[in-house]
Amino acid sequence: MAETEAARGLPATIDETSVLLADHGYVSDRALATVLFLALRMGRPLFLEGEAGVGKTEIAKVLSQALGRRLIRLQCYEGLDVSTAVYEWNYAAQMIEIRMAEAEGIADRQRLAEDVFAEKFLVRRPLLEALEPHEGGAPVLLIDELDRTDEAFEAFLLEVLSDFQVTIPELGTVRSETPPIVVITSNRTREIHDALKRRCLYHWVDYPDAKRELRIVRSRVPGASEALTREVVAYVQALRREDLFKSPGVAETLDWATALTELDAMSLDPATVEDTLGVLLKYQEDVARMQEGRAKQLLDEVRADLKAARG
Amino acid sequence: MSGQGGPGVASGRLAENVVHFGRALRAAGMRVGPGAIADALQALATTGVGGRGDVYWTLHACLVKRHEDHEVFDQTFRLFFRRRGLQERMMSELLPPTPNADRSNEVRSRVADALHGKREAELPREQKPKVELDARLTMSQTELLQTKDFEAMSAAEIAVARQLVRRLVMPDDKVRTRRLVPSGRGGRIDMRRSLRASLRTGGHGVTLERRAPAERHPPVVALCDISGSMAQYSRMVLHFLHALTEARGRVHSFVFGTRLTNVTRQLAARDPEVALERTACAVSDWSGGTRITTCIRRFNHDWSRRVLGQGAVVLLVTDGLERDPDADLAREVERLKRSCRRLVWLNPLLRFDRFEPRAGGIRAILPHVDEFRPVHNLAAMRELVAALDGSAVSAPRSPRDWLKEYAA
C-alpha cells in the first residue's frame, strides 16, 4: 500500500529506467540502469563513486527532471555542520522577539522559549527540506562530493539516512512520510566509512566505452559533425590508455567536442589538437607529456584505426 | 525477513543459492553481511530473474560496496554460475561447482580457494624462505620474490626496538580544521548557545558564547622502502607505523620494493606481531631490489588523490639508492611534494657523519623534500616524533643545504 504511493511515476523495469534516462539525454549502461532501478524500487540511497567528470552529479539532475521531482542539492565541504546542512535559527528575528517580550513585560521563561523557538524562526537547510512533504512526490536529494566533509558529518548522515528523520531539540522530531530519493556522490579523495556504504546501493561510475561515449557526444553536442564526433571519441579513448596523471572524463570530452565545433573544425588536425589540449588535460605534466610529439603520434594511430574500422 | 515472505522476496532454491554465493564471496575476502544478502534477495524479486546480465548487476548492486571488490565478485560469479545457464542452475538444486585448475591470476586462485574451502592456504605457515626468480621482472638486479619470516630477523633487536618504539609518546600534531566547536575563547560568536543562555535568564542580558575551529591530527601517509638495502630499518619503521596507527586514526602505510603494496589494513591489527606477520604475507617483494621511480609513480597515480586529501604529511622512508635514477624520479617526487602538506624524507644513510648526497637518486629526491632526517636508531626516531609534533628541539639542516655543501 505504501509502495504504490511511493512508486508513483517510477519506472517498472530496468529497460524502462534506461529509456527514461535516455529520453532526458543521459546515456546509461545496463549496470547503471539496474542499480538505479533498484534504488528507486527499494527506496535505498544510491552511492555513486568514480573519477571526477564521469557524470555522477548529472545522474541526479537527470533523475529529478525525468521523474518531475524537485532536486535538492547539498554540496559538501570541509567543516559542513548541522547549521548549514539541516537547520538554523533566525537569530536576528529571535532577538527582536525577545526584546518585544521584554517590552511587553513577559517574564515567563517557558512561554518565552516557546515563542522564540517557533517554526517561523526556523531556517530550513537542504536535509530538512528534503524530509518535508512535497507536491508531486518526494524530492531527489543530491549529496554531492561527500568525501569532502569529515567523518563526523558522515556519522550524522548515517542517522538521517537510516530513519529519514531529524530531531530539532526545541521543536521535536521531523519525520519524512515519503523518503526522498537519495543520491550520494564521492570522488574518492578519501574512503567513506563502510557503515554508510552498507545502507546504500553502491555503484562505481567508470569511463564509458567508445560506443557509449559516441552516443553521449551525439546527444549532447548535436552541432558537431559525425566525422569529428568519431575522431574526438576515438582520440579521448586512446588518451585514457596513456599513462596520465588524470585521464579526461566525459565532461572533458563534451567540452572538447563543443570547443572544436566552436572553432569550426570538421576533423582533427595535429595543430588544433595541441592548441586545445588544455580542454582535455588539467595537469601541466600531462600536457607537457602529450606535447612532446605524442599528441600527433596518437592522432595518427587513431586515424589509422578509424580507417581500418571503416574499410 | 520473516514478515516479508511471499512474492516480495525471492525464496526457496534461489534464496539458498544467493546465500551460498554470499558465503563464497565472504570466503574470498569480501565483506558481505547478512543485511546485504537480504537486500540481494529483495532486489532479485524486484527485477525478476531475467537474463544473466541482469542477475549479475542486481547482485553487484547489493553486494559490492567497494570498487576494489568488483574483480573478486566478477570471478566468483563466473565460477559459481558457470556450468549451465543460470536459470536452470537456480531452479535445480545446487552446490557450488568445482572450479578446475585454471588459476591464471591471483584473484581467481583466491576465489577458487574460497569455493574449495581451502582457508588454510591463506594462513601463514612456517615455511622455509623460498627464493623464486621471476624472469618477467628481472631488472639489472635480481628481484627476490620471497615472503620473509620475521622470526628469521634478529629477535633481540626486534624486541628492544618494539618496546622502545611503543614507549615513544606519539606526536600530538594538531592542525586546525574548518569545523567550529564551542570554546571559551573562540573568535566567533555562537549565536545558538548565546540565545539559549539568555533565555535561561528570561532574556535579561546576553552572555556571548564562542566557537573556535576544531583541531585534529592530520593524516600520515608512509611510503616505506623494504628493499634489501633497507631490510634492517624497514622493520623498525613498520613497528613505529603500527604504534602510530594504533595511537591515532588516519595513518596510511605503503611498502615498496619493486612494487607498491598498501598495508594499511594489515597494520591495523591490534597485536604488533600479528600486524607485522600479515604485512609480511601481503608483501611479495621483501628484501629484493628497488624501483623507487616506478613505485612513487604508482602511488601518485593510484593513491595520491585518495589518501593525500586534508593536509597529509608524507613520510618517505628510503635510502634513495635507485639503480638508474633519471629525470622521472625527480619529476615524480616533485609531483608527490605538490600533493601533500609536508614531505619528510627519512634516510638511514644519514647516520654516517660523512654522508654526502652523491648517489644520483639521492640528488634527484633531495631538492623536493621539506625535511631530511635519519631513522637509524631510536634517538633518531624520537627526534622524528618531535619533528612531527612541531616541537623539534634542534631543527635539522635544510635539504637544500646538503646539496649546496656537496656542490661546494
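Here the structure is a predicted model, which is why all the values come from computation and not from measurement.

## A few points about the sheet that holds strand E2 (residues 188-189) of chain B
Residues and elements named next belong to chain B. In spatial order, the strands read E1-E3-E2; together these three strands make up an open sheet with antiparallel pairing. The open sheet has two edge strands with one neighbour each: strand E1 (175-183) and E2. The sheet contact formed by E2 and strand E3 (residues 210-216) spans two bridges and is antiparallel. Bridged to Ile 189 within E3 is Arg 210.

## Quick notes on the environment of Pro 248 of chain A
Residue and element names in this part refer to chain A. Residue placement: Pro 248 occurs in the loop between helix H12 (226-241) and helix H13 (250-262). Taking the C-alpha atoms as reference points, Pro 248 and Gly 53, 195 residues apart in sequence, are found 7.7 Å from one another. Each residue touching Pro 248, except ones within four places of it in the same chain, is listed here: Val 236, Leu 239, Arg 240, Thr 253, Leu 280 and Leu 281.

## Examining helix H3 (residues 30-42) of chain A
All names here are of chain A. Over its 13 residues, H3 extends 18 Å from the first C-alpha to the last, a length consistent with the 18 Å expected when each residue adds 1.5 Å. The element H3 is extensively covered by neighbouring structure, given that 10 of its 13 residues are classed as buried. Leu 32, Ala 33, Thr 34, Val 35, Leu 36, Phe 37, Leu 38, Ala 39, Leu 40 and Arg 41 are the residues of H3 that are buried. At the C-terminal side of H3, Gly 43 shows a positive phi close to 65°.

## Quick notes on the interface of chain B and chain A
Across the boundary between the two partners, chain B contributes 35 residues, which contact 36 residues of chain A. Listed by contribution, the elements that provide at least two residues to the side of chain B that touches chain A are helix H2 (34-47), helix H3 (52-63), E1, helix H8 (191-200), helix H12 (292-307) and helix H13 (327-339) of chain B. For the side of chain B that touches chain A, the leading source of residues is H3 of chain B, giving seven residues. When its residues are assigned to classes, the side of chain B that touches chain A shows eight nonpolar, 17 polar and 10 charged.

## Points about the pairing of strand E1 (residues 46-49) of chain A
Residues and elements named next belong to chain A. Taking every second residue as pointing to the same face, both faces of E1 are buried, with Leu 46 and Leu 48 on one and Phe 47 and Glu 49 on the other. Where E1 lies against strand E8 (residues 181-186), four bridges are found, and the strand directions are parallel. Bridge assignment links Phe 47 to a residue of E8, and that residue is Ile 184.

## A closer look at unusual backbone geometry
Note: most residues except glycine have negative phi, and most peptide bonds are trans. Residues and elements named next belong to chain A. The phi torsion at Phe 164 lies on the positive side, around 50°, for a residue other than glycine. With a phi close to 60°, Arg 188 is a non-glycine residue in the positive phi region. For Arg 188, the position within the fold is in the loop between E8 and helix H10 (194-198).

## Some thoughts on the sheet that holds strand E7 (residues 313-317) of chain B
Residue and element names in this part refer to chain B. Taken together, six strands build an open sheet; the order of strands is E6-E5-E4-E7-E8-E9 and the sheet is mixed. Across the chains shown, the open sheet's two edge strands, defined by having one partner strand only, are strand E6 (260-262) and strand E9 (371-373). Pairs of neighbouring strands in the sheet enclose a mean axial angle of 20°, with direction left out of account. In terms of strand pairing, strand E8 (residues 342-346) meets E9 through three bridges, oriented parallel.

## Some details on the packing of H3 of chain A against H3 of chain B
It is the contact of H3 of chain A with H3 of chain B, at a shortest axis distance of 9 Å, that shows an interaxial angle of 60°. Between H3 of chain A and H3 of chain B, the angle falls in the class oblique. Between H3 of chain A and H3 of chain B the crossing geometry is right-handed. Where H3 of chain A approaches H3 of chain B, its residues Arg 30, Ala 31, Thr 34, Val 35 and Leu 38 of chain A are matched on the opposing element by Gly 53, Asp 54, Trp 57, Thr 58, His 60 and Ala 61 of chain B.

## Here's the deal with the pairing of strand E9 (residues 201-204) of chain A
Note on strand geometry: in a regular strand, side chains alternate between the two faces of the sheet. Residues and elements named next belong to chain A. Burial along E9 is two-sided: the residues Leu 201 and His 203 and Tyr 202 and Trp 204 are all buried. Pairing geometry for E1 and E9, over four bridges, is parallel. Bridging across to E9, Leu 46 finds its partner in Leu 201.

## Focus: the domain arrangement of chain A
All names here are of chain A. Looking at the assigned domains, one finds that chain A contains domain 1 (2-78 + 134-204) and domain 2 (210-310). A straight line from the C-alpha centre of domain 1 to that of domain 2 covers 32 Å. In this assembly, eight residues from domain 1 lie in contact with nine residues from domain 2. Split by residue class, the side of domain 1 that touches domain 2 holds three nonpolar, three polar and two charged.

Definitions and cut-offs
As a convention, each chain's residues are numbered from 1 in the sequence order in which they are written. Think of it this way: whatever chain is written first is A, whatever ligand is written first is 1, and the rest follow in order. Where local features are concerned, this predicted model is filtered to residues with pLDDT of at least 70; where side-chain atom pairs are given and counted, the filter is 80 or more; whole-chain, interface and lining totals use all residues. Here a strand pair is declared whenever DSSP counts at least two bridges between the two strands. Secondary structure elements are defined from DSSP: runs of H or I of at least 4 residues count as helices, runs of E of at least 2 residues count as strands, and each element is numbered from the N terminus. Here contacts are defined at the residue level, using C-beta atoms placed from the backbone and a cut-off of 7 Å between them. Each residue after the first adds 1.5 Å to the expected span of a helix. Between the buried cut of 20 or more and the exposed cut of 12 or fewer other C-beta atoms within 10 Å of a residue's own C-beta lies the partly exposed class, and all C-beta atoms are placed from the backbone. By the convention adopted, Pro, Cys, Tyr, Trp, Phe, Met, Ile, Leu, Val and Ala count as nonpolar, Lys, Arg, Asp and Glu as charged, and the other residues, Gly among them, as polar. Lines are fitted to the C-alpha atoms to define the axes, a helix being fitted only along its stretch in contact, and any angle between axes, read from their N-to-C directions, falls within 0 to 180 degrees. Angular relationships are summarised with four words: roughly parallel below 35 degrees, roughly antiparallel beyond 145, roughly perpendicular across 65 to 115, and oblique for the angles in between. Two helices crossing with the near one rotated counterclockwise from the far one by less than a right angle form a left-handed crossing, whereas a clockwise rotation gives a right-handed crossing. Delimitation of the domains relies on an automatic or database domain assignment.

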